[in-house]
Amino acid sequence: MQRPTEFVREQVTAVRESVVTAAAEAQTVPAAVSSQVGEFIRSQRSAAQVSLRELARVAGVSNPYLSQVERGLRKPSAEILAQIARGLKISAETLYEQAGILDRRSGTAGTVAAIRGDEALSERHKAVLLELYETYAREHAAQLARELEAAAPTPTPSEETA
């Protein structure tokens, strides 16, 4: 029979190990997120053919800071992301999704970003298009799931009882 002090010591050790593991995992997530948002900003800036210096000026942030954001060394606040989005003429929601601030809607990031970044559309039209796009994407995914389910072999009565 185990003594109470030994039991408590084992439990404390197990909890410590799980806390250390969770802390290590938590430190790697922000780096991945900030790297992802930085890469996205850089790709949007390149697509818009805007220099780093010009975007920094328009967004109201320093050139070195924006460079660090693009390289994943800094994690910008929501306010800074909104300023950068204005400078890139894209929706702030797009950057918020990339940074993990907002949950990503269904659909590919490129399609969603294209709809949100289209200046010919009003915000209401963008919302309607995104809703339709997401509905069609969900319906298509459900149809694929039904087709896969229908194609799966059905067990025979002898297999079900075995």
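Residues numbered from 1 in each chain as written. Predicted model: local features only at pLDDT ≥ 70, side-chain atom pairs only at ≥ 80, totals over all residues. Heavy atoms only, no water.

Caption draft 1: Broad picture of the nonpolar core. Core analysis: the biggest nonpolar cluster contains 21 residues, and I41, V61, L66, L81, I84 and L95 have the highest contact counts within it. Contributions of two or more residues to this core are made by α1 (4–47), α2 (52–59), α3 (63–70), α4 (78–88) and α5 (92–99). Counting residues per element, this core draws most heavily on α4, at 6 residues. Residues in contact with L95, not counting those within four places in the same chain, are V37, F40, I41, L81, I84, A85 and I90. (Core = buried A, V, L, I, M, F, W, Y, C linked by side-chain atoms within 4.5 Å. Buried < 20%, exposed > 50% of the residue type's maximum accessible area, 1.4 Å probe, protein only. Helix = DSSP H or I, 4+ residues; strand = E, 2+ residues; numbered from the N terminus. Contact = heavy atoms within 4.5 Å.)

Caption draft 2: The arrangement of a nonpolar patch on the surface in detail. The grouping of V128, L129, L132 and Y136 at the surface amounts to a nonpolar patch, some 370 Å² of accessible area in total. Following the sequence through the fold, L129 ends up in helix α7 (residues 123–151). (Patch = residues over 30% accessible without salt bridge, like charges linked within 9 Å, V, L, I, M, F, W, Y side chains within 5 Å. Areas by Shrake-Rupley, 256 points an atom, 1.4 Å probe, with all protein chains shown as cover. Salt bridge = Lys/Arg side-chain N within 4 Å of Asp/Glu carboxyl O.)

Caption draft 3: Here's a closer look at the packing of α2 against α4. Where α2 meets α4, the axes come as close as 8 Å, and the angle between the chain directions of the two elements is 120°. When the axis of α2 is compared with that of α4, the two are oblique. Relative to α4, the crossing made by α2 is right-handed. Residue-level contacts link L55, V58 and A59 of α2 to Q83, I84, G87 and L88 of α4. Its residues placed into classes, the contact of α2 with α4 shows 5 nonpolar, 2 polar and no charged. (Axes fitted to C-alpha atoms, helices over the stretch in contact; angles between N-to-C directions. Parallel < 35°, antiparallel > 145°, perpendicular 65-115°, else oblique. Left-handed = near helix turned anticlockwise from the far one by under 90°. Nonpolar A, V, L, I, M, F, W, Y, C, P; charged D, E, K, R; others polar.)

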